[in-house]
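# Working through the structure, step by step
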Amino acid sequence: LDQRGVAFGAAFGDLDGDGDLDLVYANYQGGVSVLRNDSDTGHRLIVALQGSASNRFGVGAVVRIETAAGPQVRQLALARGYLSTSEPILHFGLGDETQIRKLTVEWPSGAVQVFTELPADRRITISEPRAAPPIRPFVDRVSEETQFKNVSESCGIMDAARERPFDAGVEPSFAAQRFNRRGPALALGDLDGDGQTDLLIGGTTLDPAHWLHGAGGGRWETRGVLPLLASGALADGPVVIFDASGNGRGDVLVTKSDDALVAGSSGYRPQLLLNDGHANFIAAPDDALPPLAMSVGAMVVADFNRDGRLDVFMGGRLVPGQYPTTPRSALLTNHGGRFEDVTDEIAPGLSQVGMVTAALWSDVDGDGWLDLLLTLEWGNVRYFHNAGGKRFEDWTDRSGFVSAGTGWWNSIAAADFNGDGRPDYVVGNLGLNTQYQADASHPAVLFSGDFKGDQSTQLIYAYYEGERLYPWVTRRALGAVIPSILKKIPKNDLYARASVEEIFGAEKLASAQRLSVTEFRSGVLLSQPNGTYRFEPLPRMAQVAPIQGLVAGDFDGDGNADIYAVQNSYAPITSVGRFDGGLSQFLRGDGHGNFVAVPVAQSGLLVSGDAKALAVVDLDHDGWPDFMVTRNNGTAQAFRNQGVEGRHSLRISLRGLAGNPTGIGARVSVGLSDGRSQMSEVYAGSGYFSQSAADCFFGYAPAQLPLKITVTWPSGAKSERMLTSPTATLEFSEAAP
């Protein structure tokens, strides 16, 4: 293997029959190289298959073995690498093991064979049974055993969120991702005043925002589009249902999140629709909202100043055509249905915090005042501490949130993962299954500047190899925009060895805006005894794709908070390729801040495609948390939680006063009979482009019955109730002052 040259195809096979795999490869303008494997350590097993009902060599068959060292699995595939076909056998390295406890063959025909107590260091041939059973789809075999069941069709939410084909928008040269097609958003709330949860799906470039009436029994009926919200060049950003006018009705606030129009266009202005209580909407007066023309990445609602009216934060996603220029974000206080921008007055630094992708109102430090948490692209997870409703201070560093590093953060959700009574936070990121890699000493880098010399902007993505920084853009693509590069570096091999400084010059790099990412892993920020937070990455399986929609809570009734996330992103440009390796991730928590990925075959939660929003709702009113998901250019999905035998779930709904009828911002604590307690908060906006139903869910076993319920209302008042018998649902009402 010390030969130097250019080789193409390569294949393995046991050429001398000694049980080792030998190597053959073809050389450019040369002969074939054959390398014999002279390994003399370890034991092995070779399995050859003879098919009958399937195919001659059993191609596609899966063989599993179990030894004292653990299981192994191989699937027989002939084509490997480039123009190569290996010998149709399966080779297992056994190390020191001399016995195979169990060998299972799953043939493509559906036949399954099991063999036990086989010796090592053998080549065995297995013939397929001629009377093979009919093929049964894999999902059918496990669907009855899963905790969650796909009930999208029976729920009546199979409408597709259609999009126009991608266009270039107004992006700078060499942008690695598109900034349109970010939704559709999803919001749950009572729009027609009948006490049922209705469903609002944000608009796309082809389909305007529309709402579905909750008909009861876990079904929704499409009632039509919202008035004044026609589809067009811009898709909707986050949407939220809340009482904006203080009359106890569910009004709707709709934003835009796209880059199809130039910055500052009136099409980016958010729209507030006022509800008459029966889902008849009219546009709010022109002065109800400040004149903000924003491409919005996040929107969350809460009464941060305890005046009884719900306020709004809108996080700017980008400045169209000027990425990665920092967009404006806005904090709006509610003055009886008219909103005032008070960002600069009470939250210095918030208006220019960065490119906001998600936000959450949560009482981080337990002082009774709702703090503001943000996730940023090319930035940190930020924590703005609420100082008595009068001002917001950046506590990102002092709280330990900075330990997560800078990332391409997408989403955020909260639950008490380590059982200390304080909220912890899970944050979604790019993951590790892309071309981009980073750590604190070797970050991923983006330069934004005029490298052409004509006052235009180019984006140069760069990566470290050793201690040198290299560009991702190819010489050909760069030369098409900056022709002088082709003269400066006339050959591709010279370009491949050139650093960004050698290509563009130190002076131009110094004058360009530089952004960096040190962490691409999704993870959790866990509360510590000293009041700070520490970042811990999620399990490896959760890193296979970008996390978008994200929720947290006890979903399996064991009393410990879990995580559910939907994944993938079709935003990267064609040359980068889609990030679509995820099928969603259900992560079971152990109550100590650790998580285990639950396979799709066990959870039943299979979400493919460009998944976006994710919300929690009790579909069938059984007290168990169910899920709803939207997908860009695809249908929405609903999953009913079938529960876990021997466990129970309690849903608590709040009824607040006019101005905040669902108790947004309240904290609910449940004391159990074994001395433990659980906590949850009520949100209007969380995860990614999502608003879950305003309910809290708590799981318990028969030996851990809930005894005491404590509600801390957004006003700071407290309510308590003792439970004398188990129940699936419970409603709390706030007492009038």
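Residues numbered from 1 in each chain as written. Predicted model: local features only at pLDDT ≥ 70, side-chain atom pairs only at ≥ 80, totals over all residues. Heavy atoms only, no water.

## So, the side chain of Lys-612
Tracing the sequence through the fold places Lys-612 in strand β43 (residues 611-617). Judged by its relative accessible area of 2%, Lys-612 is buried. One polar contact links Lys-612 to Asp-610, side chain to side chain, over a distance of 3.3 Å. (Helix = DSSP H or I, 4+ residues; strand = E, 2+ residues; numbered from the N terminus. Buried < 20%, exposed > 50% of the residue type's maximum accessible area, 1.4 Å probe, protein only. Polar contact = N/O pair within 3.5 Å; in protein donor to acceptor, adjacent residues only side chain to side chain.)

## A few points about empty space enclosed by the protein
Overall, the coordinates contain seven cavities of 30 Å³ or more when judged by the stated rule. Within this model, the largest cavity holds a volume of roughly 250 Å³. Along its surface, the largest cavity is lined by 21 residues, and Gln-177, Arg-182, Glu-377, Asn-410 and Ser-569 are the ones closest to its centre. Taken as a whole, the second largest cavity holds about 100 Å³ of empty space. If you go around the second largest cavity, you meet 17 residues; those closest to its centre are Pro-238, Met-299, Ser-686, Phe-689 and Ser-690. Among the elements of the structure, β18 (236-242), β22 (295-302) and β26 (355-362) are those that each provide at least two residues to the lining of the second largest cavity. Of all the elements, β22 adds the most residues to the lining of the second largest cavity, at four residues. Tallied by class, residues from the lining of the second largest cavity come to eleven nonpolar, six polar and no charged. (1 Å grid on protein atoms, 1.4 Å probe; cavity = no way out; pocket = protein on both sides within 12 Å on 5 of 7 lines; lining within 4 Å. Points joined across faces, edges and corners; volume = space filled by probe spheres on them. Nonpolar A, V, L, I, M, F, W, Y, C, P; charged D, E, K, R; others polar.)

## So, the sheet that holds strand β35 (residues 468-471)
The antiparallel open sheet is built from four strands, whose spatial order is β35-β34-β33-β36. For this open sheet the edge positions go to β35 and β36 (513-517), each flanked by a neighbour on one side alone. Neighbour-to-neighbour, the strand axes of the sheet open up by a mean angle of 30 degrees, direction not taken into account. (Pairing = 2+ DSSP bridges. Axes fitted to C-alpha atoms, helices over the stretch in contact; angles between N-to-C directions.)

## So, the sheet that holds strand β40 (residues 562-567)
In spatial order, the strands read β39-β40-β41-β42; together these four strands make up an open sheet with antiparallel pairing. Looking at the sheet topology across the chains shown, the edges are occupied by β39 (547-553) and β42 (595-598). Between one strand axis and the next, the sheet turns through 20 degrees on average, direction left out of account. Bridging between strand β41 (residues 585-589) and β42 involves four bridges; their strand directions are antiparallel. By the bridge assignment, Phe-586 is partnered in β42 with Val-598.

## Looking at the pattern of salt bridges
Following the criterion strictly, the structure yields 25 salt bridges and no others. The salt bridge involving Asp-307 is made with Arg-309; its shortest N-O contact spans 3.4 Å. Relative accessible area serves as the criterion here: at 30%, Asp-307 is assigned to the partly exposed category. Among the salt bridges present, the one from Arg-588 reaches Asp-556, with a minimum N-O distance of 2.9 Å. Within this pair, whereas Arg-588 is found in strand β41, its partner Asp-556 is found in the loop between β39 and β40, the two being separated by 32 residues in sequence. The class for Arg-588 is partly exposed, based on a relative accessible area of 32%. Through salt bridges with shared partners, a single ionic network connects Asp-556, Arg-588 and Arg-647. (Salt bridge = Lys/Arg side-chain N within 4 Å of Asp/Glu carboxyl O.)

## Quick word on a nonpolar patch on the surface
Among the surface-exposed residues, Val-6, Phe-8, Tyr-28, Tyr-82 and Leu-83 lie close enough to one another that they form a single nonpolar patch of about 600 Å² accessible area. Of note, Tyr-82 is situated in the loop between β7 (79-80) and β8 (84-85). (Patch = residues over 30% accessible without salt bridge, like charges linked within 9 Å, V, L, I, M, F, W, Y side chains within 5 Å. Areas by Shrake-Rupley, 256 points an atom, 1.4 Å probe, with all protein chains shown as cover.)

## Thoughts on the environment of Arg-476
As for its position among the elements, Arg-476 is in helix α5 (residues 475-481). Take Arg-476: its relative accessible area is 74%, and that puts it in the exposed class. Each C-alpha atom, one on Arg-476 and one on Leu-486, is 8.0 Å from the other, the two residues being ten residues apart in sequence.

## Topic: the pairing of strand β2 (residues 22-27)
When strand β1 (residues 7-13) meets β2, the two strands line up antiparallel, connected through five bridges. When the bridges of β2 are listed, Gly-13 appears paired with Asp-22. Inspection of the sheet shows β2 paired to strand β3 (residues 32-35) by four bridges, in the antiparallel sense. Looking at β3, one finds that Ala-26 is bridged to Val-32. In textbook terms, the turn of a hairpin is the stretch between consecutive antiparallel strands, and for β2 and β3 this stretch comprises four residues, one of which, Gln-29, has a positive phi near 55 degrees.

Everything listed is a geometric property; what it means functionally is a separate question.
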